[in-house]
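Coordinates in review
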Amino acid sequence: MFNLTLSFSQFGIQKTHFQLYDCQNEGLKSKQLQRDKQPIHLVTIKIRQLLQFNQTISVIPRILTQPSAAVYNDGLDNENYDLIVRLDDVIINEKTGNQYIAKELLGAGTFGSVYRCVKNNSNFAIKIIKNINAYNIQSMKEIKLIRFLNKKQEHESIIKLIDYFLFKNHVCIVFPLLGFNLEELLQETKYQGLSLHMIKNILKQLIAGLEFLHSLHWVHCDIKPENILFTDNTAKQIQIIDFGSATELNINLYYYIQSLYYRAPEIILGYKKTCAIDMWSVGCVAAQLYLGYPLFQGTSSFDQLSKILGLISMYFIMNHQIQYQLRIDPKQSKMLGLFYQREPKLCAQKFEEVSE
Ligand SMILES: Nc1ncnc2c1ncn2[C@@H]1O[C@H](COP(=O)(O)OP(=O)(O)OP(=O)(O)O)[C@@H](O)[C@H]1O
């Protein structure tokens, strides 16, 4: 909590709620003003009314984390075990003294929330893992793998690790700040799909990154548009992120991996995983970039499999004329050719053929 001279614009642009405290009454008079619930002019009037009393007003910085109510870890965490982070909170690596100042929430996933932070005028992305034991263990594996990959080669398609530490019982992983992800890019196109030239550029880099990962006998296990980010706004270079689900090739898992729309049939059927499961996801991503929407939108594992079989069997059985008569989207059928090549190099070749 800190004192400041109020300026209305400071409040007008808030996306989430903020709290006002009357210092003369030491926290007794708390007003939670929610922009979603009250029109902004009402909020402004209330602030004006408060100012007329010529009181010193302190503002608790805007909470970036959602939900924002304190529940666990002595009030430090919310109901999802996420650390509650406020604007300008300092996230410190106690060992090195590195201080990162929280600026904005970039995204939230299963394992934690990612914030844009600033240190010495440079931007970083910090993934703050939920305070859950299994997730802590998983995040340590993610750190170990990215360190291993970075050490082998600073591959341009793989995210780099900058720092990691424990802060208020949360594992924090510091990455370079990247640009938008492929899902956000599709959103920008109003889900109309990208040009073949752009898809080709993205896929080449994605396949090169996976080829490198697979050559070291690791499988990413969660390739999807949200985990492929451009390094900056020029939208030229991509990087693969989120190695939290990655596993070594020879380790058998007895639970479902991969996000449903990008899940390979052999995983749904319970067969042993190979690097080819990542290539299945690449095929799904390729189709999505072209079509603008996910090719197989199953509602369950079973439904996912039946959607895959439905489309693939059509590809086998029907010639182009029949496809046209049945009004099958020719874009969909064209992209299906990609699914038969699950070896990165051959897939790249096939893509060249398809996109010519
Ligand atoms: N380095 C980065 N720069 C910019 N944004 C990022 C960065 N890392 C992650 N993000 C954003 O945060 C989101 C969540 O990150 P991430 O996938 O690592 O979290 P997660 O908890 O492992 O998610 P999931 O539920 O997919 O496993 C991403 O989709 C992306 O939009």
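All values derive from a computational prediction rather than experimental measurement. (Residues numbered from 1 in each chain as written. Predicted model: local features only at pLDDT ≥ 70, side-chain atom pairs only at ≥ 80, totals over all residues. Heavy atoms only, no water.)

1. Digging into the sheet that holds strand E10 (residues 170–176)
- Ordered in space as E5-E6-E7-E8-E10-E9, the 6 strands form an open sheet in which the pairing is antiparallel. The sheet is open, and its two edges are formed by strand E5 (90–93) and strand E9 (163–167), each paired on a single side. Mean inter-strand twist for the sheet, computed between neighbouring axes without regard to direction, equals 35°.
- Two elements, E5 and strand E6 (residues 98–108), share 4 bridges in a ladder whose sense is antiparallel. Residue pairing in the sheet places valine 90 in a bridge with isoleucine 101 of E6.
- Sheet strands in contact with helix H3 (residues 133–152) are strand E8 (122–129), E9 and E10, and its direction is about 30° off that of E10. (Pairing = 2+ DSSP bridges. Helix = DSSP H or I, 4+ residues; strand = E, 2+ residues; numbered from the N terminus. Axes fitted to C-alpha atoms, helices over the stretch in contact; angles between N-to-C directions. Contact = heavy atoms within 4.5 Å.)

2. Structural notes on the site of the ligand
- Among the 22 residues in the neighbourhood of the ligand, the closest are listed as Thr110, Phe111, Lys127, Pro176 and Leu178.
- Within the backbone of phenylalanine 111, one N or O atom sits 2.9 Å away from an oxygen atom of the ligand.
- Measuring from an oxygen atom of the ligand, one finds a side-chain N or O atom of lysine 224 at 3.2 Å.
- Within the complex, the protein chains bury 90% of what would otherwise be the 630 Å² of accessible surface of the ligand.
- Secondary-structure elements contributing two or more residues to the shell around the ligand are E6, strand E7 (112–119), E8 and E10.
- Considering only residue class, the shell around the ligand consists of 11 nonpolar, 6 polar and 5 charged. (Near = heavy atom within 4 Å. Polar contact = N/O pair within 3.5 Å; in protein donor to acceptor, adjacent residues only side chain to side chain. Areas by Shrake-Rupley, 256 points an atom, 1.4 Å probe, with all protein chains shown as cover. Nonpolar A, V, L, I, M, F, W, Y, C, P; charged D, E, K, R; others polar.)

3. So, the packing of helix H5 (residues 196–215) against helix H7 (residues 276–291)
- Put simply, H5 and H7 touch, their axes get as near as 11 Å, and they point 165° apart. The pairing of H5 with H7 is recorded here as roughly antiparallel in orientation. Where H5 crosses over H7, the two elements pack in a sense that is right-handed. Every residue of H7 that contacts H5 at Leu196, Ile199, Ile202, Leu203, Leu206, Ile207, Leu210, Leu213 and His214 is listed here: Asp278, Met279, Val282, Ala286, Leu289 and Tyr290.
- Class assignment for the residues of the contact of H5 with H7 results in 13 nonpolar, 1 polar and 1 charged. (Parallel < 35°, antiparallel > 145°, perpendicular 65-115°, else oblique. Left-handed = near helix turned anticlockwise from the far one by under 90°.)

4. Things to note about the confidence of the model for the protein chain
- Taken over all residues, the pLDDT of the protein chain has a mean of 81, while the share at 70 or more is 71%.
- A low-confidence stretch, residues 1–47 stays under pLDDT 50, and its non-local contacts, those more than four residues away or across chains, total 90 contacts.
- Overall fold confidence (pTM) sits at 0.76, and the ipTM for the predicted complex is 0.96. (pLDDT = per-residue confidence, 0-100.)

5. Examining the environment of leucine 186
- Looking at where leucine 186 falls in the secondary structure, it is placed in helix H4 (residues 182–188).
- Relative accessible area serves as the criterion here: at 0%, leucine 186 is assigned to the buried category.
- Spatially, the C-alpha atom of leucine 186 lies 7.1 Å from that of leucine 289, the residues being 103 residues apart in sequence. (Buried < 20%, exposed > 50% of the residue type's maximum accessible area, 1.4 Å probe, protein only.)

6. Description of the side chain of aspartate 242
- Topologically, aspartate 242 is positioned in the loop between strand E13 (238–240) and strand E14 (247–248).
- The class of aspartate 242 is buried, set by a relative accessible area of 14%.
- Within the local environment of aspartate 242, its side chain forms a polar contact with the backbone nitrogen of glycine 244, the two atoms lying 3.3 Å apart.

7. What about the state of the cysteines?
- Here the structure, examined in full by the defined rule, presents 0 disulfides.
- Among the cysteines around cysteine 117, which has no disulfide bond, cysteine 172 carries the closest sulfur, lying 8.6 Å off.
- Cysteine 117 sits in the buried class, given a relative accessible area of 0%.
- In this structure cysteine 221 is not part of a disulfide, and its nearest cysteine sulfur, from cysteine 275, lies 9.1 Å away. (Disulfide = S-S within 2.5 Å.)

8. Looking at H7
- In this model, H7 (16 residues) spans 23 Å end to end at C-alpha, consistent with the 22 Å of a helix rising 1.5 Å per residue.
- Of all 16 residues in H7, 16 are buried; the element is thus mostly enclosed. (Expected span 1.5 Å × (residues − 1).)

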